[in-house]
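# Descriptive structure summary
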Amino acid sequence: SPKPVILYNVPSRTGVNIEPATYAALADHPHIAAIKEAGGNISQIVETVALTQGQLDLYSGKLVNAQTGREGNGGVVFINSDAQFNMYGGQVDASKTTTTTAAGGAICNYGILNIYGGTVLGGSAKNGGALQNAAGAVANISGGMIYGGYAASRGGNINNNGQLNISGGVITGGTTALTGDVRGGNIFSVTSDSESPAVLNISGGIIEDGRALKYNNANTSARGGNLFVARKFGCYFFYTFLCFSTK
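Residues numbered from 1 in each chain as written. Predicted model: local features only at pLDDT ≥ 70, side-chain atom pairs only at ≥ 80, totals over all residues. Heavy atoms only, no water.

## Section: the sheet that holds strand β17 (residues 163-166)
Condition: Strands qualify as paired when DSSP identifies two bridges or more between them. Here a strand is any run of E in DSSP of at least two residues, a helix any run of H or I of at least four, and the numbering for each starts at the N terminus. Axis definition: a line fitted to C-alpha atoms, limited for helices to the stretch in contact. Angles are taken between N-to-C directions and run from 0 to 180 degrees.
Sheet architecture is open: 5 strands sit in the order β6-β9-β13-β17-β22, paired in parallel fashion. Where the open sheet ends on each side, the last strands, each with one partner, are β6 (84-87) and β22 (199-202). With direction set aside, neighbouring strand axes in the sheet form an average angle of 5°. Pairing between β6 and strand β9 (residues 112-115): 4 bridges, direction parallel. Opposite N86, over in β9, you have N114 as the bridge partner.

## Looking at the nonpolar core
The condition that has to hold: The nonpolar core is taken to be a set of buried Ala, Val, Leu, Ile, Met, Phe, Trp, Tyr and Cys residues, with the residues joined through side-chain atoms within 4.5 Å. The cut-offs for exposure are 20% and 50% of the maximum accessible area for each residue type, with area from a 1.4 Å probe on protein chains only; residues under the lower value are buried, those over the upper are exposed, and the others partly exposed. By the convention used here, residues are in contact when the closest approach between their heavy atoms is within 4.5 Å.
Counting residues in hydrophobic clusters, the biggest one holds 33 residues, and the most contacted among them are I107, L113, I146, I158, I171 and I187. If you list the elements that add at least two residues to this core, you get β2 (32-37), α3 (42-52), β5 (77-79), β6, β9, β13 (138-141) and β17. I187 has contacts with I158, L164, I166, I171, L200, I207, N226, L227 and F228, leaving out every residue within four places of it along the chain.

## A look at the confidence of the model for the protein chain
Quick reminder of the rule: pLDDT gives the predictor's per-residue confidence on a scale running from 0 to 100.
The predicted model of the protein chain averages 79 in pLDDT, with 77% of residues at 70 or higher. Ranking the elements of the protein chain by mean pLDDT puts strand β27 (residues 236-242) last with 38 and β13 first with 97.

## Details of a nonpolar patch on the surface
So the rule is basically this: Patches here are clusters of residues that have more than 30% relative accessible area and form no salt bridge, with a 9 Å joining cutoff for like charges and a 5 Å cutoff for nonpolar side chains (Val, Leu, Ile, Met, Phe, Trp, Tyr). Computed with the Shrake-Rupley method and a 1.4 Å probe, the accessible areas treat only the protein chains shown as cover for residues. One side-chain nitrogen of Lys or Arg within 4 Å of one carboxyl oxygen of Asp or Glu is enough to make a salt bridge.
A cluster of nonpolar side chains, namely I6, Y59, Y88 and Y116, defines an oily patch on the protein surface of about 380 Å² accessible area. Mapped onto the elements, Y116 comes out in the loop between β9 and β10 (119-121). On the accessibility criterion, Y116 (40% relative accessible area) is partly exposed.

## Quick word on the environment of G144
For G144, the position within the fold is in the loop between β13 and β14 (145-147). Distance from G144 to Y116, taken between C-alpha atoms, is 6.0 Å for residues 28 residues apart in sequence. When near neighbours in sequence (up to four residues on either side) are disregarded, G144 contacts Y116, G117, G118, G169 and V170.

## Quick notes on the packing of aromatic side chains
The following threshold applies: Two rings from Phe, Tyr or Trp (for Trp, the six-membered ring) form a pair when their centres sit within 6.5 Å of each other. Planes less than 30 degrees apart are called stacked, planes more than 60 degrees apart edge-to-face, and all others tilted.
If you walk through the whole model with that rule in mind, you get 3 aromatic pairs. Where F78 meets Y110, the ring centres are 5.6 Å apart and the plane angle is 40°; that geometry is what we call tilted. You can see F78 sitting in strand β5 and its partner Y110 sitting in the loop between β8 (107-109) and β9, a full 32 residues away along the chain. On the basis of relative accessible area, F78 is assigned to the partly exposed category, the value being 25%. On the numbers, 5.2 Å between centres and 10° between planes, the contact of F188 with F228 is stacked. With F188 in strand β21 (residues 187-191) and F228 in strand β26 (residues 227-233), the pair connects residues that are 40 residues apart, well separated along the chain.

## As for the sheet that holds strand β3 (residues 57-59)
What the 3 strands build is an open sheet, ordered β1-β2-β3; its pairing is parallel. Where the open sheet ends on each side, the last strands, each with one partner, are β1 (5-9) and β3. On average, each strand axis in the sheet is tilted by 25° relative to the strand beside it, whichever way the strands run. Pairing of β1 with β2, which is carried by 5 bridges, proceeds in the parallel orientation.

## Topic: unusual backbone geometry
It is generally the case that most residues other than glycine have a negative phi and that most peptide bonds are trans. Of note, the phi angle at D209 is positive, near 60°, even though the residue is not glycine. Among the secondary structure elements, D209 is positioned in the loop between β23 (206-208) and β24 (211-214). A residue is classified by how much of its surface remains accessible, and D209, at 40% relative accessible area, is partly exposed.

## Things to note about the pairing of β2
With 3 bridges connecting them, β2 and β3 associate as parallel partners. The residue bridging A34 from the neighbouring strand is D57, located in β3.

## Some details on the side chain of N109
Stated precisely, the cut-off is as follows: Between N or O atoms, a polar contact is any pair within 3.5 Å; within protein, one atom must be a potential hydrogen donor and the other a potential acceptor, and residues adjacent in sequence are included only when both atoms are from side chains.
By secondary structure assignment, the location of N109 is in strand β8. Given a relative accessible area of 0%, N109 falls into the buried group. Reaching out from N109, the side chain makes a polar contact with the backbone nitrogen of G111 at a distance of 2.9 Å. Contacts of N109, omitting those with residues within four sequence positions, involve I79, L131, Q132, N133, A134, A137, V138 and A139.

Shown next, in the form of structure tokens:
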């Protein structure tokens, strides 16, 4: 077909299951645009996302529930620098990275990420409890909800080192809390690469109820309950905008 095709996997009706390796082999086809996954096998969906690396849109119900994720960045979804991942619905629930230094409990983006709908709930990582947007990457959020992310250090819901454009949706209930410096309960946006400055554009949506918490330690600081935005040169931060509220 010259028109975009969606691969629809429904083994209960066809008697045949489309394997993740098959999706990966077909991902480069110019006329295959998306997957509609109705097999109900959560581990297969996770493997499919990992193998296709954001090349195909995925339509499914609940993407992941209480998934401990992969070792390293991106507990569930890892988007390569040459890939694009579009999220229209579904839910990524209670996901986390498996190492203490990794970022992006649910999603780690090095390419292009578009969130139009769905829910990312309760992700956990050192930085970017729900989403890590790396230097040079672009993330566009126009709908959906990112809720209840937890980061031990920076960006309870989102840690942004690339370009983050927010025009809609809800980002709420993010928390950063540890014994070191904690910043950006909902969003932490700081340039980490001098050649790829971090950019945060907000034209709509709701950002609320973020918390940056510190414990009783004279050497710690807590800044930006909802937002922490700065540019870093060497060991110094130059603060350009700091938080709506701190709780």
